[in-house]
Amino acid sequence: QVQLVESGGGSVQAGGSLRLSCTTSGGSLAIYVVGWFRQAPGKEREFVAIIPSTGVNTHYTDSVKGRFTISRDNGKNTVYLQMSSLKAEDTAVYYCAANRSPRPETEPIRYPYWGQGTQVTVSS
């Protein structure tokens with residue numbers, strides 16, 4: 001079992017950047033597929049990006065393509081979400097999640113392990 005911890009959220013103006021980090025308080029993250037999800041007030045949790053354990057073949061939801069980059073450093077036991085050109089509609093609580101599925105899962109229900117979330121607020 002892995003316990004996830006997110007950090008790096010905050011408040012920025014539209015057009016700004018933030019980098020979120022996801023690490024573990026116990027266990028190794030290296031063997032897990034890691035996804036980033038977000039949930040805005042009154043909305044369902046939605047998929048943002050996913051990175052396999054190898055770091056190859058990342059996948060993004062269309063609304064963040066070209067603006068967000070997911071990466072991982074298995075030596076540091078950390079997965080990152082670099083967010084640039086932020087928009088007001090990116091405002092949400094961002095969660096990282098982990099599973100060991102051999103396929104790139106975009107449905108939250110496919111992820112058994114979740115962090116507590118970190119708030120990202122983008123002002124226009």
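Placed above this text is the structure.
Parameters at a glance
- Residues numbered from 1 in each chain as written.
- Predicted model: local features only at pLDDT ≥ 70, side-chain atom pairs only at ≥ 80, totals over all residues.
- Heavy atoms only, no water.
- Buried < 20%, exposed > 50% of the residue type's maximum accessible area, 1.4 Å probe, protein only.
- Helix = DSSP H or I, 4+ residues; strand = E, 2+ residues; numbered from the N terminus.
- Pairing = 2+ DSSP bridges.
- Phe/Tyr/Trp six-rings, centres within 6.5 Å; stacked < 30°, edge-to-face > 60°.
- Lys NZ or Arg CZ within 6 Å of the ring centre and 35° of its normal.

### Notes on the pairing of strand β11 (residues 118-123)
- Because side chains alternate across β11, one face comprises the buried residues T118, V120 and V122, and the other comprises Q119, T121 and S123, none of which is buried.
- Pairing of strand β2 (residues 10-13) with β11, which is carried by four bridges, proceeds in the parallel orientation. Each residue of the ladder has a partner; that of Q13, found in β11, is S123.
- Bridging between strand β9 (residues 92-99) and β11 involves three bridges; their strand directions are antiparallel. Considered in β11, the bridge of V93 is made with Q119.

### Overview of the packing of aromatic side chains
- Overall, the coordinates contain six aromatic pairs when judged by the stated rule.
- An angle of 55° between the planes, with centres 5.0 Å apart, marks the rings of F37 and W114 as tilted. On the criterion of sequence distance, the pair formed by F37 in strand β4 (residues 33-39) and W114 in strand β10 (residues 113-114) is long-range, its members being 77 residues apart.
- Taking the relative accessible area as the measure of exposure, W114 reaches 24% and is therefore partly exposed.
- Taken together, the aromatic side chains of F37, F47, Y95, Y111 and W114 make up a single cluster linked through ring pairs.
- Residue placement shows R45 over the ring face of W114; its charged tip is 4.8 Å from the ring centre.
- Residue placement shows R100 over the ring face of Y32; its charged tip is 6.0 Å from the ring centre.

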